[in-house]
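Each chain, written out:
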Amino acid sequence: MFKKIMLPALSSAALIAGAGSALAECADPIKVGVLHSLSGTMAISETTLKDTMLMLIAEQNAKGGLLGCEIEAVVVDPASDWPLFAEKARELLTVHDVDVIFGNWTSVSRKSVLPVLEELNGLLFYPVQYEGEESSRNVFYTGAAPNQQAIPAVDYFLEELGVEKFALLGTDYVYPRTTNNILESYLQSKGIAADDIFVNYTPFGHSDWATIVSDVVALGADGKSVGVISTINGDANIGFYKELAAQGVSAEDIPVVAFSVGEEELSGLDTTNLVGHLAAWNYFMSADTAENAAFIEAWHGFIGDDARVTNDPMEAHYIGFNMWVNAVTAAGTTDVDTIIDALPGQEFTNLTGGTAVMLPNHHLTKPVLIGEIQADGQFDIISQTTEVAGDAWTNFLPESAVLESDWIDLKCGMYNTETQTCVQLTSNY
């Protein structure tokens with residue numbers, strides 16, 4: 001695979017001063033693969049991420065491109081079909097010869113892509129909160145690990161709301177199941193009895209929520225406070241929240257904290273009856289910072305619609321793309337091995353205040369925010385931490401508590417600290 005290398009004599013100042021001629025002389029553009037579902041059940045969430053990447057690429061090209069070359073977006077549609085994600089990733093790397101891929105939402109789609117990335121030595125930036133329990137050399141995880149979203153959300157329910165019983169409701173795939181396994185262990189470590197934890201999984205696109213919501217309501221028949229931890233993904237959320245309203249369940253009765261519902265998903269809902277329910281993310285559009293105001297203005301200008309919202313995975317792409325650009329600029333090449341080694345230690349200002357740092361385990365430091373749904377579909381930020389370092393392996397599953405990820409010193413994503421050995425280098429987990 002040909003990689004672009006900046007001539008030593010061509011300074012960054014010269015690149016900026018002569019951006020037009022430099023771009024004109026670069027015959028081989030730098031190609032960025034965009035791997036997001038534009039159709040199917042996940043299009044409600046992923047289409048905006050495709051648009052975000054197009055905006056970021058257009059902005060960088062307006063600055064003079066990268067290494068004197070124009071950046072070209074190569075957009076494919078894996079159509080919410082998990083095996084198709086692997087096929088499209090292979091197409092991006094072998095047919096289109098992309099230098100990097102930004103994409104995926106669900107963990108099942110990411111795990112479908114992992115073997116292709118590792119076989120072909122591709123580079124992926126993954127922008128969505130996930131269940132952890134993974135660290136691939138070829139992936140940089142710019143969304144939240146469980147200790148940056150799920151665990152803090154449960155702590156908020158326990159400490160601030162006094163929740164005594166938990167309904168863990170998720171879509172039936174790897175992210176909700178693994179996250180809820182972690183949360184069940186964590187809740188029991190906090191003194192919540194196993195009988196006070198209700199777990200339920202539904203298919204993608206599930207629409208009939210009457211029985212499940214009734215079961216959740218019934219949890220509180222003994223007078224104990226009930227809370228819902230939601231890992232429901234995609235358009236199934238529409239039916240879930242509608243059923244809560246239909247059964248007269250308010251946030252005061254049974255609060256819901258969602259991990260996959262942000263501004264984009266709420267923009268398609270009547271939020272009248274959702275006011276007071278919560279979401280846990282690392283970014284909300286309502287964050288009051290100069291950086292966020294500039295990002296929102298740029299987004300509205302690019303998309304041509306002042307009503308379009310921003311959300312957490314958009315910020316993750318914003319951070320990841322800029323870290324990649326800075327690493328490529330510093331290294332003078334898009335060579336995958338060089339950039340993988342150059343990314344840990346990269347810093348970039350996040351949109352909520354503070355600085356994101358890429359760690360040796362290929363995860364970011366991120367603040368944890370709890371937001372309360374407002375009538376206008378925005379979130380009132382009611383809790384925000386300082387930056388938390390993402391943990392690839394949870395401390396709340398015994399088999400994971402002994403594992404460490406470090407691609408700089410240990411050169412391993414799954415290092416057993418007890419045996420002091422690298423368990424494996426490729427991702428069959």
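Since the model is a prediction, treat every value here as computed from it, not as a measurement.

1. Digging into the sheet that holds strand E17 (residues 403–406)
If you trace the 3 strands from one edge of the open sheet to the other, you get E17-E18-E19, paired in antiparallel fashion. Each of the sheet's edge strands pairs with one partner strand only, and the pair in question is E17 and strand E19 (421–422). Bridge count between strand E18 (residues 412–416) and E19: 2 bridges; the pairing is antiparallel. When the bridges of E19 are listed, Tyr415 appears paired with Cys422.

2. What to know about the pairing of E18
Here E18 lies mainly inside the structure; 5 of its 5 residues are buried. Summarising the sheet, E17 and E18 pair through 3 bridges and their orientation is antiparallel. When the sheet's bridge partners are listed, Asp406 is paired in E18 with Cys412. What sits between the antiparallel neighbours E17 and E18 is a turn of 5 residues, in which Lys411 has the positive phi angle 55 degrees.

3. Quick word on the sheet that holds strand E10 (residues 278–281)
Here we have 7 strands laid out as an open sheet, ordered E7-E6-E8-E9-E10-E14-E15, and mixed in their pairing. A strand with exactly one partner marks an edge of an open sheet, and here the two such strands are strand E7 (197–202) and strand E15 (379–384). Taking each pair of neighbouring strands and ignoring which way they run, the sheet shows an average axis angle of 25 degrees. Relative to E15, strand E14 (residues 369–373) runs antiparallel, the two being bridged by 5 bridges. For Leu369, the partnering residue across the bridge sits in E15 and is Gln384. The strands touched by helix H6 (residues 150–159) within the sheet are strand E6 (165–171), strand E8 (226–231), strand E9 (256–258), E10, E14 and E15, with E8 carrying the most contacts at an inclination of about 170 degrees. Against the sheet, helix H7 (residues 174–189) makes contact with E6, E7 and E8, and its axis sits at roughly 180 degrees relative to E7, the strand it touches most.

4. A word on the confidence of the model for the chain
Taken as a whole, the chain shows an average pLDDT of 92; of its residues, 94% reach a score of 70 or greater. Of the regions scoring below 50 in pLDDT, residues 1–22 engages in 32 contacts with residues more than four places distant in sequence or in other chains.

5. Here we look at the side chain of Ser109
Assignment of secondary structure puts Ser109 in helix H5 (residues 107–120). Classification of Ser109 as buried rests on a relative accessible area of 0%. Only 3.1 Å separates the side chain of Ser109 from the side chain of Asn104, close enough to count as a polar contact. Beyond its immediate stretch of four places on either side in the chain, Ser109 contacts Trp82, Phe85 and Asn104.

Cut-off values and rules
- Residues numbered from 1 in each chain as written.
- Predicted model: local features only at pLDDT ≥ 70, side-chain atom pairs only at ≥ 80, totals over all residues.
- Heavy atoms only, no water.
- Pairing = 2+ DSSP bridges.
- Helix = DSSP H or I, 4+ residues; strand = E, 2+ residues; numbered from the N terminus.
- Buried < 20%, exposed > 50% of the residue type's maximum accessible area, 1.4 Å probe, protein only.
- Axes fitted to C-alpha atoms, helices over the stretch in contact; angles between N-to-C directions.
- Contact = heavy atoms within 4.5 Å.
- pLDDT = per-residue confidence, 0-100.
- Polar contact = N/O pair within 3.5 Å; in protein donor to acceptor, adjacent residues only side chain to side chain.

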